[in-house]
Amino acid sequence: MNEKLYQNIVQSLIHAAEDVFKTMIFMEIKAQEPFERKGLESLSDITGVISLTGDIMGSVILSMEGFSSQKVVSSMLGDQIENPHEVVDGIGEICNMVVGMAKTEMSNYSCDFEISVPVMITGKGARIQHISEDNQGLTTIPLVLEDGAIVHLELYIKDSR
Amino acid sequence: MALKVMIVDDSLVMRKLVLKSLRAAGIDIDPIEASDGIEALKKLDPKTVQLIISDWNMPRMDGLSFVKKVRGDKKKKHIPIIMLTTEGSMAKFEEALDNGVDDYVTKPFTPDKLKKKVDKVINK
Ligand SMILES: [Mg+2]
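Residues numbered from 1 in each chain as written. Chains lettered and ligands numbered in written order. Predicted model: local features only at pLDDT ≥ 70, side-chain atom pairs only at ≥ 80, totals over all residues. Heavy atoms only, no water.

**So, the overall build of chain A**
A tally of regular secondary structure across chain A gives three helices and eight strands. The linear arrangement of helices and strands in chain A, starting from the amino end, is α-β-β-β-β-α-α-β-β-β-β. For a compact globule of 161 residues, the expected C-alpha radius of gyration is about 15 Å, and chain A comes in at 15 Å, within 12% of that figure. Reported as C-alpha extents along the three principal axes, the dimensions of chain A are approximately 45 × 30 × 25 Å. Among the 161 residues that make up chain A, the fraction classed as buried is 53%. Sequence-distant contacts in chain A: of pairs separated by 6 or more residues, those separated by 24 or more amount to 71%. Put simply, chain A shows about 6900 Å² of open surface, and 52% of that area lies on carbon and sulfur atoms. (Helix = DSSP H or I, 4+ residues; strand = E, 2+ residues; numbered from the N terminus. Rg over C-alpha atoms; globule rule 2.2 N^0.38 Å. Buried < 20%, exposed > 50% of the residue type's maximum accessible area, 1.4 Å probe, protein only. Contact = heavy atoms within 4.5 Å. Areas by Shrake-Rupley, 256 points an atom, 1.4 Å probe, with all protein chains shown as cover.)

What follows is the structure in structure tokens.
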């Protein structure tokens with residue numbers, strides 16, 4: 001894939017994540033330097049996967065520890081959330097908002113695609129099913145929460161044009 | 001009297017958040033919830049529901065298909081609809097308006113932004 005396009009996607013995901021955390025969760029996050037990794041396993045306890053189809057094909061993954069997930073969803077609702085089902089649902093919706101916002105930003109670069117509803121996976125090290133699988137790596141963007149906890153935002157895409 | 005609002009979203013947390021946001025903005029709400037278009041059509045009573053706030057991306061029947069069904073039904077087509085979605089591009093916005101959506105709010109949203117749209121649509 002064109003390096004410029006790829007960097008635009010990474011940047012639009014970072015902008016979207018910062019905005020969603022700030023507006024909906026009332027938390028500042030800091031994105032660290034993205035890195036590449038091989039492997040298709042989830043990095044944390046609760047993982048949302050959204051498939052992209054269109055000018056680009058692939059997936060965006062948001063993965064966080066159970067403890068952070070509970071904190072984040074509780075902060076979003078302004079209520080202590082104990083029900084694991086709600087925590088997972090909330091992370092799915094955060095994932096949805098991040099990818100949706102990034103999609104809107106990418107449409108300004110004439111890169112258009114549709115997004116799926118989030119598929120949720122619980123358990124660390126679970127294998128993630130991607131829409132297109134070859135041996136390319138994932139790009140992982142670590143997002144640091146105020147308490148130092150790390151959320152992993154990952155990207156697995158290829159150009160389909 | 002409380003405003004009878006149907007909130008349609010596949011995320012339970014998002015439905016809660018919409019309700020909470022409207023209440024925080026001072027609107028008295030009597031909610032009815034549905035998790036997709038099919039459930040919403042089943043539950044939609046045109047005699048009582050005064051406003052629909054619907055998500056776009058949902059399984060089974062998405063928000064746009066749901067809006068088309070409501071607008072195509074003589075008994076239901078008068079109900080105002082606000083689309084609340086992550087879809088923020090101009091093309092999607094126009095597609096929604098062309099199909100009968102009254103107004104459009106993108107997620108992420110603030111309670112204030114949502115309230116302004118609700119006031120506008122209700123007082124139209
Ligand atoms: Mg949805």
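**Here we look at the interface of chain A and chain B**
How large an interface is tends to be reported as the accessible area lost when its parts come together. Every contact between the two is made by 25 residues of chain A and, on the other side, 21 residues of chain B. In total, about 1800 Å² of surface goes out of reach between chain A and chain B, with carbon and sulfur atoms giving 63% of it. In this assembly, chain A and chain B are joined by four salt bridges. Across the pair Lys 103 of chain A and Glu 87 of chain B runs a salt bridge whose closest N-O atoms are separated by 2.8 Å. Joining chain A to chain B, the criterion identifies nine residue pairs in polar contact (both at pLDDT 80 or more). Of all the secondary-structure elements, those providing two or more residues to the side of chain A that touches chain B are α1 (3–24), α2 (66–77), α3 (84–107) and β5 (113–115) of chain A. Sort the elements by how many residues they give to the side of chain A that touches chain B and α3 of chain A lands first, with 12 residues. Of the residues in the side of chain A that touches chain B, the class split is 10 nonpolar, eight polar and seven charged. (Buried area = accessible area lost by both parts, 1.4 Å probe. Salt bridge = Lys/Arg side-chain N within 4 Å of Asp/Glu carboxyl O. Polar contact = N/O pair within 3.5 Å; in protein donor to acceptor, adjacent residues only side chain to side chain. Nonpolar A, V, L, I, M, F, W, Y, C, P; charged D, E, K, R; others polar.)

**Some thoughts on the coordination of the magnesium ion**
Residue and element names in this part refer to chain B. Distances from the magnesium ion to its protein donors, Asp 10 (OD), Asp 55 (OD) and Asn 57 (O), fall within 2.1 to 2.3 Å. Sequence spacing of the donors to the magnesium ion: D-x44-D-x1-N. Of this pair, Asp 10 sits in the loop between β1 (3–8) and α1 (12–24) while Asn 57 is found in the loop between β3 (51–54) and α3 (63–71), placing the two residues 47 residues apart along the sequence. For Asp 10, a relative accessible area of 24% translates into the label partly exposed. (Donors = N, O, S within 2.8 Å, 3.2 Å for Na, K, Ca; no water.)

**Comments concerning the packing of α1 of chain A against α3 of chain A**
Residues and elements named next belong to chain A. Direction vectors running N to C along α1 and α3 enclose 130°, while the axes themselves pass 8 Å from each other. Between α1 and α3, the interaxial angle falls into the category oblique. In the crossing of α1 with α3, the sense of the turn from one axis to the other is right-handed. Facing Leu 5, Asn 8, Ile 9, Ser 12, Leu 13, His 15, Ala 16, Ala 17, Asp 19, Val 20, Phe 21 and Met 24 of α1, the residues of α3 in contact are Ile 94, Met 97, Val 98, Met 101, Ala 102, Glu 105 and Met 106. (Axes fitted to C-alpha atoms, helices over the stretch in contact; angles between N-to-C directions. Parallel < 35°, antiparallel > 145°, perpendicular 65-115°, else oblique. Left-handed = near helix turned anticlockwise from the far one by under 90°.)

**Side note on the side chain of Ser 21 of chain B**
Residues and elements named next belong to chain B. Relative to the elements of secondary structure, Ser 21 occurs in helix α1. What makes Ser 21 buried here is its relative accessible area of 7%. Here Leu 17 takes part through its backbone oxygen, which lies 2.7 Å from a polar atom of the side chain of Ser 21. With sequence-adjacent residues up to four places away left out, Ser 21 is seen in contact with Phe 109, Pro 111 and Leu 114.

**What about the packing of α3 of chain A against α1 of chain B?**
One way to put it is that α3 of chain A packs onto α1 of chain B with a least axis distance of 7 Å and a crossing angle of 80°. In this view, α3 of chain A runs roughly perpendicular relative to α1 of chain B, as classed from their interaxial angle. On α1 of chain B, the residues touching His 85, Glu 86, Asp 89, Gly 90, Glu 93 and Met 97 of chain A of α3 of chain A are Leu 12, Val 13, Met 14 and Lys 16 of chain B. Counted by class, the contact of α3 of chain A with α1 of chain B contains four nonpolar, two polar and four charged residues.

Interpretation in functional terms is not warranted from these geometric data alone.
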